[in-house]
Amino acid sequence: MIEARELTRRYDSVLAVDRVSFDVHPGQIVGLLGPNGAGKTTILRILTGYHYPQHGSARIGGHDVVTDPVAAKRRLGYLPENAPAYGMLTVDEYLGFIGAARSLSRAEHRAAVERLAGLCGLESVWRRPISELSKGLRQRVGLAQALLHDPDVVILDEPTSGLDPNQIREVRRIVEELGRTKTVLLSTHILSEAEAVCDRVLILDAGRIVASGTAAQIASALRTRAIVAVSLASRPGPRARHELDRIGETVEERDEPDGSARLRLMLNEGREAEDVFDWAVAHGLRLRAVVPERESLEDVFARLTAGGQR
Amino acid sequence: MKGTLAVLRKELLGSFNSPVAYVVLSAFLVFTSVWFFFIHDFFAADVASLRSYYGIMPIVFVVLIPAVTMRTWAEERAAGTDEILLTLPVGEASLVLGKYLASLSLMLLAVVLTIFVPLSVRELGQFEPGEIYGQYIGLVLLVTAGTAVGGLVSSLSRHQISAFVGTALILLFLTLAAELNAVLELAAVPAAVLRFLSFDHRFRNLNRGVLDTRDLAYFAGLTVAALYLTRAALVARKAR
């Protein structure tokens, strides 16, 4: 499992990560979600021993990443951002190097290669130099590199960035597969990905965790008031408008050329969408639709990370 | 140990999968042979000595060593592969040693390949074997220390080119440090320091077939210091 405690890292004067603590347990897929520059990569680099934290500590499978790095790294598979790999080597040679550096025996290595060549779809490019591979294939080589020693803990930095939709689906399938038994931590800036793949999401902004939980939990905990979209066959008169203000606050209103109207209503405390029906009936207005809007993770994310305001 | 061997093997595979190793080695052999046989005019000199052949090696190595070592760490950083390397369960010391041994192997191969020159002129006169042994010991010591210095500079460089230039300048200084005494009129202490640092000064002893333990200690000390500092540079970067 992964334990991060009060991780803090500063680059020159910029505070990249600020007292970040979290745990990831076996059988869990946790997503670090945040805009670029929020500190995702820095956290992953600390956990994998590429950087030292200036304060705080991190343990992988019980081994401290600073004081016992080799033991921690042995438990860990890591795919860095952009899947760097040695272009001069063939896929075969590269995985051979990783296996040797991880002290796999010949038999272990052969078994791992058999397992991964299929999983990652690398059979056809086995003897090709990595520099000649497409971005998608290189990403899969990186994934094979991370999984070669069948680690308990898998850390993936933006595993789907730069891939086409089919490749993204493929990588997600692999990650979900891994998540059944292993401890998986991945970073992404794609919300739908975090929503689709992760059991738990940590939203990061400017180096701090600003929300954590399942995607649904985060959305509901942070939802202020429900919003309903109302579509009317005719425009409400002034008296009806006045009454409507008691139900909720009109946040958006559009009169259509055919005389109908659409509005989005943010319901007041204790009010429900049903009140809109009663209101329409009372004023003789014909309702076309009343649709409750669930605030998506996307809205929550934008709000939490002040998206677009910077 | 396993980590060191894995890195060594990976480095050599990378070097020989690319044309770089072949180009550098052939350029070295062609240049030194042309210099010796045609420019220096070995045949016309009519002296059974290879001293002039081995004598230019330190200067040639000023360029050859950085050509081999510049990639060592700078390329890893530029390609981002250091993030793979430094997150493997291999200690920094093993990584440094593996990379060093890879550069050293290439340089030793260059030294070994020069053996064709003494072999080809063997029949032409009475060469002093002791002198040639001494010259080879000198070349090996030079390469051992120079390669370690090149690796250190590469670990401090962002680009291969700056690693090349930096290493070449340091090696040039070390090679010719004693010559500076002829140009600069220094006090006794700095002059002694320059003489102490000078490769060429020590290489000249070996070139004459004189092996001094002080020279051995100097080259060994320089090698160990450079390797130690390379490891320190890797660790320092993690905390930077």
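Rules and cut-offs
- Residues numbered from 1 in each chain as written.
- Chains lettered and ligands numbered in written order.
- Predicted model: local features only at pLDDT ≥ 70, side-chain atom pairs only at ≥ 80, totals over all residues.
- Heavy atoms only, no water.
- Helix = DSSP H or I, 4+ residues; strand = E, 2+ residues; numbered from the N terminus.
- Rg over C-alpha atoms; globule rule 2.2 N^0.38 Å.
- Contact = heavy atoms within 4.5 Å.
- Areas by Shrake-Rupley, 256 points an atom, 1.4 Å probe, with all protein chains shown as cover.
- Lys, Arg positive; Asp, Glu negative; His and termini not counted.
- Charge placed at Lys NZ, Arg CZ, Asp CG, Glu CD.
- Pairing = 2+ DSSP bridges.
- Axes fitted to C-alpha atoms, helices over the stretch in contact; angles between N-to-C directions.
- Core = buried A, V, L, I, M, F, W, Y, C linked by side-chain atoms within 4.5 Å.
- Buried < 20%, exposed > 50% of the residue type's maximum accessible area, 1.4 Å probe, protein only.
- Polar contact = N/O pair within 3.5 Å; in protein donor to acceptor, adjacent residues only side chain to side chain.
- Patch = residues over 30% accessible without salt bridge, like charges linked within 9 Å, V, L, I, M, F, W, Y side chains within 5 Å.
- Salt bridge = Lys/Arg side-chain N within 4 Å of Asp/Glu carboxyl O.
- Buried area = accessible area lost by both parts, 1.4 Å probe.

Trainee: Before we go on, may I ask you to explain the overall build of chain B in this structure?
Mentor: Scanning chain B from terminus to terminus reveals 14 helices and 0 strands. Secondary structure elements in chain B, listed N-terminal to C-terminal, are α-α-α-α-α-α-α-α-α-α-α-α-α-α. Expected size for 240 residues packed as a compact globule is a radius of gyration near 18 Å; at 19 Å, chain B falls within 12% of this value. The principal-axis extents of the C-alpha atoms in chain B amount to approximately 60 × 50 × 30 Å. Partitioning the intrachain contacts of chain B with sequence separation of at least 6 by distance along the chain shows that 77% fall at a separation of at least 24. As presented, chain B carries roughly 11100 Å² of accessible surface, and 70% of it is formed by carbon and sulfur atoms. Each charge class in chain B was averaged separately, 18 positive and 16 negative side chains, and the resulting centres sit 10 Å apart.

Trainee: Whenever I open this one, the sheet that holds strand β4 (residues 55-60) of chain A confuses me. Can you help?
Mentor: Hydrogen bonds between backbone atoms are what pair the strands of a sheet, whose relative direction is either parallel or antiparallel. Residues and elements named next belong to chain A. Read across the sheet, 4 strands follow the order β2-β1-β4-β5 without closing on themselves; strand pairing throughout is antiparallel. Taken across any chain shown, the strands that pair with only one partner, and hence form the sheet edges, are β2 (14-24) and β5 (63-64). In this structure, strand β1 (residues 2-11) lies alongside β2, joined through 7 bridges in antiparallel fashion. Paired with Arg10 across the strands is Leu15, a residue of β2. In this fold helix α1 (residues 40-47) packs onto β1, β2 and β4, with an angle of close to 120 degrees to the strand it touches most, β1.

Trainee: Could you clarify how one ought to interpret the nonpolar core in this entry?
Mentor: Considering soluble globular proteins, one finds that nonpolar side chains tend to be buried as a cluster. Ranked by size, the top nonpolar core spans 110 residues in total, and within it Val91, Tyr94, Phe97 and Leu122 of chain A together with Leu50 and Phe61 of chain B carry the most contacts. The leading source of residues in this core is helix α10 (residues 129-156) of chain B, at 11 residues. Ranked by size, the runner-up nonpolar core spans 26 residues in total, among them Ala16, Leu32, Ile43 and Ile46 of chain A.

Trainee: Where do I start with the side chain of His149 of chain A in this structure?
Mentor: Residue and element names in this part refer to chain A. Assignment of secondary structure puts His149 in the loop between α5 (135-147) and β7 (153-157). On the basis of relative accessible area, His149 is assigned to the buried category, the value being 14%. Here Arg102 takes part through its side chain, which lies 3.2 Å from a polar atom of the side chain of His149. Ignoring sequence-local partners within four residues, the contact set of His149 consists of Arg74, Leu76, Gly77, Arg102 and Leu104.

Trainee: For this particular structure, what's the right way to read a nonpolar patch on the surface?
Mentor: Residues and elements named next belong to chain B. Taken together, the side chains of Ile59, Ile161, Val165, Leu169 and Leu172 present a nonpolar region at the surface, about 450 Å² in accessible area. Here the nonpolar patch takes 4 residues from helix α11 (residues 160-183), the largest share from any one element. With respect to the element layout, Ile161 can be found in helix α11. Residue Ile161 is classed as exposed on the basis of its relative accessible area of 61%.

Trainee: Explain the interface of chain A and chain B here, please?
Mentor: Contacts between the two partners involve 29 residues from chain A and, on the opposite side, 27 residues from chain B. The contact between chain A and chain B buries some 2600 Å² in all, and 62% of this surface belongs to carbon and sulfur atoms. Our enumeration of links across chain A and chain B arrives at 1 salt bridge. In this structure, Glu83 of chain B and Arg45 of chain A form a salt bridge, with 2.9 Å as the shortest nitrogen-oxygen distance. At the boundary of chain A and chain B, one finds 11 residue pairs in polar contact (both at pLDDT 80 or more). Elements that contribute at least two residues to the side of chain A that touches chain B include exactly β1, α2 (69-74) and α3 (91-101) of chain A.

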